[in-house]
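Chain and residue survey
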Amino acid sequence: MTPKSARGRNRIVWFIVAAVLAVPSALATVAAVALVWASSTVERLGEPSPEPVARSITLPGPDGVAGDDDDAGASAHLEIDLEDGVFEVRPGPPGSDVRVDGTYASKYYDLVHDHAPAAGPTGRVVTVRLSRARSLLVQLVAHAMERAPSTPNDLTVTIPRDTPFSVDLTIRAGESRVDLGGLSLTDLAVDLAMGEHRLDLSEPLAVAPRRVRLDGGMGEIRFERLGNTRAAELQASGHMGSVTVDLGGAWPAGTMTDVTINNLMGELRLEAPSGLRLVGFAPDSPVPGVDGPGGDGREADPGLPALRLRVSNTMGETRLSRY
């Protein structure tokens, strides 16, 4: 190797060494600047005093005018999207509006409650959305500086019983108690992402939706009295944690309903009344105690409601109990 090529190689080596040493220093500088910015933002915002809210959202008519009598009974789409807090969703009196009541940390969260006409197949849209108004770093620094409570938001959303709605309900993090019993739901999709959640149908739905999808994320999830959906097709799932699915309720007599229950990781508990027939999709059903091929061969009462049950639990134990 010539002296010239040796010097060139040494320059390349020193350049690589300098770059390797500079990257951690640059990252540390960026992190320090970000923390200083987040801390100053929290100081500027001050104490997160809860702001009370009591708002009625009147359903708009087809021409965009709220409360149009010519639109009575028409279906609309309700989107509820909530994050970080303790939430309740429940049925309200017939003839009432969608309501939002409670408190929220307005300095750190945006609360949107509105209605709008839409040209799509879902018709008019009613929106209730609570989302973060600050970056995740600001939220974390606020908690570290004890400027933000552990449950900054406490809201109740009330849905009128007699208004036909297709509903998308999302709770991204926190704790929730949801009761949809007696509502007029033309379609239902629920996503309970993280936390402790309980969804109940305390009484049969006034309108039987064709399809119901219930998705639980991470945490402790409980779905109760799902027969009160009276749906033709039901899907329920969990991802990580403990999932309990209660199959009781008013399934239509003499019908067969397709029910799919999936869990990724954790314990899956199924609860079913003794008067409900459970039929496996395949002869080797993964759920103990179901009827069908491989069962005890008893004559099934055709008048009883039946579920064609498909269950999977990738990593965890599945238990079925009768009551």
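First, a word on what this report is: a plain description of the structure on this page. Quantities reported herein were computed from a predicted structural model and do not represent experimental measurements. (Residues numbered from 1 in each chain as written. Predicted model: local features only at pLDDT ≥ 70, side-chain atom pairs only at ≥ 80, totals over all residues. Heavy atoms only, no water.)

Scanning the chain from terminus to terminus reveals 2 helices and 16 strands. Contacts in the chain between residues far apart in sequence, at least 24 positions, make up 66% of those at least 6 positions apart. Just so you have it, the chain exposes about 16,100 Å², and 57% of that area is on carbon and sulfur atoms. (Helix = DSSP H or I, 4+ residues; strand = E, 2+ residues; numbered from the N terminus. Contact = heavy atoms within 4.5 Å. Areas by Shrake-Rupley, 256 points an atom, 1.4 Å probe, with all protein chains shown as cover.)

Turning next to the nonpolar core. Grouped together as the largest cluster of nonpolar side chains are 57 residues, with contacts concentrated most on Phe165, Leu180, Leu214, Phe223, Val245, Leu247 and Ile261. Residues contacting valine 245, with those up to four places away along its chain left out, are Phe223, Leu226, Ile261, Leu268, Arg269, Leu270 and Glu271. (Core = buried A, V, L, I, M, F, W, Y, C linked by side-chain atoms within 4.5 Å. Buried < 20%, exposed > 50% of the residue type's maximum accessible area, 1.4 Å probe, protein only.)

Looking at where glutamate 271 falls in the secondary structure, it is placed in strand β13 (residues 256–272). A residue is classified by how much of its surface remains accessible, and glutamate 271, at 19% relative accessible area, is buried. Side-chain polar atoms of glutamate 271 contact the side chain of arginine 222, separated by 3.2 Å. The residues contacting glutamate 271, other than those within four sequence positions of it, are Arg222, Thr244, Val245, Asp246, Leu247, Gly248, Ser321 and Tyr323. (Polar contact = N/O pair within 3.5 Å; in protein donor to acceptor, adjacent residues only side chain to side chain.)

Opposite charge on two side chains makes pairing possible when the charged atoms of those side chains draw close. Scanning the entire structure with this criterion turns up 19 salt bridges. The partner of glutamate 196 in a salt bridge is arginine 177, with the nearest N and O atoms 3.2 Å apart. Placement of the pair is glutamate 196 in strand β10 (residues 185–200) and arginine 177 in strand β9 (residues 174–179), with a sequence separation of 19 residues. Judged by relative accessible area, which is 36%, glutamate 196 ranks as partly exposed. Taken together, the shared-partner salt bridges connect Arg198, Asp200, Arg222, Glu224, Arg225 and Glu271 into one network. (Salt bridge = Lys/Arg side-chain N within 4 Å of Asp/Glu carboxyl O.)

Keep in mind these values describe shape, not function.
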